[in-house]
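What the coordinates show
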Amino acid sequence: MGQISILGAIQTTIHYAIFYIGVSNTSGMKGSIMNATTAFFGVVLAHYVYKNDKLSPSKAIGCMIGFIGVVIVNFSTDLLNFSFRFTGEGFVIIAAFIFSATGLYAKKLTKTLDVVLITSYGLLIGGIALTLLGMIFGGKATHFTWESSSLLLYLALSSSASFYLWNWLLKYNKVGRVSVYNFLVPVFGASLSSIFLGETILEIKNLIALVLVSLGIWLVNREATARYRWANR
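A brief structural summary. (Residues numbered from 1 in each chain as written. Predicted model: local features only at pLDDT ≥ 70, side-chain atom pairs only at ≥ 80, totals over all residues. Heavy atoms only, no water.)

Considering the packing of helix α6 (residues 115-136) against helix α7 (residues 146-172)
Each packed pair of helices is defined by two parameters, the angle between the axes and the distance between the axes. What counts is decided by this rule: Helix axes are fitted only over the stretch in contact, all axes being lines through C-alpha atoms; the angle between N-to-C directions runs from 0 to 180 degrees. Only DSSP runs of H or I covering at least 4 residues are called helices, and only runs of E covering at least 2 are called strands; the numbering of each starts at the N terminus. Each angle gets one of four labels, with under 35 degrees taken as roughly parallel, over 145 as roughly antiparallel, 65 to 115 as roughly perpendicular, and the rest as oblique. By convention the crossing between two helices is left-handed if the near helix lies anticlockwise of the far one by an angle smaller than a right angle, and right-handed if it lies clockwise. Pairs of residues are marked as contacts when any of their non-hydrogen atoms sit within 4.5 Å. Gly is placed with the polar residues, together with every amino acid not listed as nonpolar (Ala, Val, Leu, Ile, Met, Phe, Trp, Tyr, Cys and Pro) or charged (Asp, Glu, Lys and Arg).
Put simply, α6 and α7 touch, their axes get as near as 9 Å, and they point 140° apart. It follows from the interaxial angle that α6 and α7 lie oblique. Our pair here, α6 against α7, has a crossing hand that is right-handed. From α6, Val115, Val116, Ile118, Thr119 and Leu123 reach across to α7, where they touch Ser160, Phe163, Tyr164, Asn167, Trp168 and Lys171. Its residues assigned to classes, the contact of α6 with α7 comprises seven nonpolar, three polar and one charged.

Re the environment of Ala9
Within the secondary structure layout, Ala9 lies in helix α1 (residues 2-24). As for Ala9 and Ile128, which are separated by 119 residues in sequence, their C-alpha atoms are 9.4 Å apart. Sequence-distant contacts of Ala9, that is, excluding residues within four places in its chain, are made with Ile14 and Gly126.

What to know about the packing of aromatic side chains
Keep this limit in mind: Only Phe, Tyr and Trp rings take part, Trp by its six-membered ring, and two of them pair if their centres are within 6.5 Å. Stacked means planes under 30 degrees apart, edge-to-face means over 60, and tilted covers everything else. Here's how the labels work: a residue is buried when its accessible area is under 20% of the maximum for its type, exposed when over 50%, partly exposed in between, all with a 1.4 Å probe on protein chains only.
Per the counting criterion, the structure on display carries eight aromatic pairs. Both rings, one in Phe19 and one in Tyr20, keep their centres 5.2 Å apart while their planes meet at 80°; by these two values the pair is edge-to-face. Relative accessible area serves as the criterion here: at 17%, Phe19 is assigned to the buried category. A relative accessible area of 48% places Tyr20 in the partly exposed class. Members of the aromatic cluster, each reached through a chain of ring pairs, are Tyr16, Phe19, Tyr20, Phe99, Phe163 and Trp166.

Points about the side chain of Lys59
Put simply, the test is: Pairing of N or O atoms within 3.5 Å defines a polar contact, subject to two protein rules: one partner must be a possible hydrogen donor and the other a possible acceptor, and residues neighboring in sequence count only if both atoms are side-chain atoms.
Following the sequence through the fold, Lys59 ends up in helix α4 (residues 57-73). Accessibility expressed as a relative area gives 7% for Lys59, which makes it buried. A polar contact is formed between the side chain of Lys59 and the backbone oxygen of Lys54, at a distance of 3.1 Å. With near-sequence residues (within four places) excluded, Lys59 lies in contact with Val43, Asp53, Lys54 and Val220.

Structure follows, in structure tokens:
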């Protein structure tokens, strides 16, 4: 239980606190790009932690291409402003590093503990700590309605489901192979924005971004796929 408590405190409490402070002090586009560094951190950390998950030229090129895709999907004139705030873009990058590092720790726990147990208790412990921290600093949650309560329940379920799937994938796959899929988050974000917010998605930059991100994912995973096919001949 102590190990899960550590995971919850770092992955949920500290990670979310730093991340949301960061995104509140930068633009959504810059925050999305900075958060994409999660994929970089995951691949690099796996290189130093696991002997069978080394960083190869193909992985490095794949990560760079995927990151370029993220930049393109978020491109606007705001990106031409190269301002950098430590409590803004800096905090988002720190949060990305924390998430990647705790992913390695979660993968270690899945060897002896059930994924559902790790996810549920980690989110519960981390969520309670985050709630208490918010109350200490004067945060309040009042005037609940059916709409707001439904939205809160939806966010809780979607967050817990995503964490479960993430931990489950880490349990059965190499960290480097899984982490690169984080480049798809901004692409899906643009797609969902068009569906629910009526934003324009039929732009050439979105198609280019999707192609580049997909190419990057393929490059990162192609070596493992080739080795698997060779081993099963």
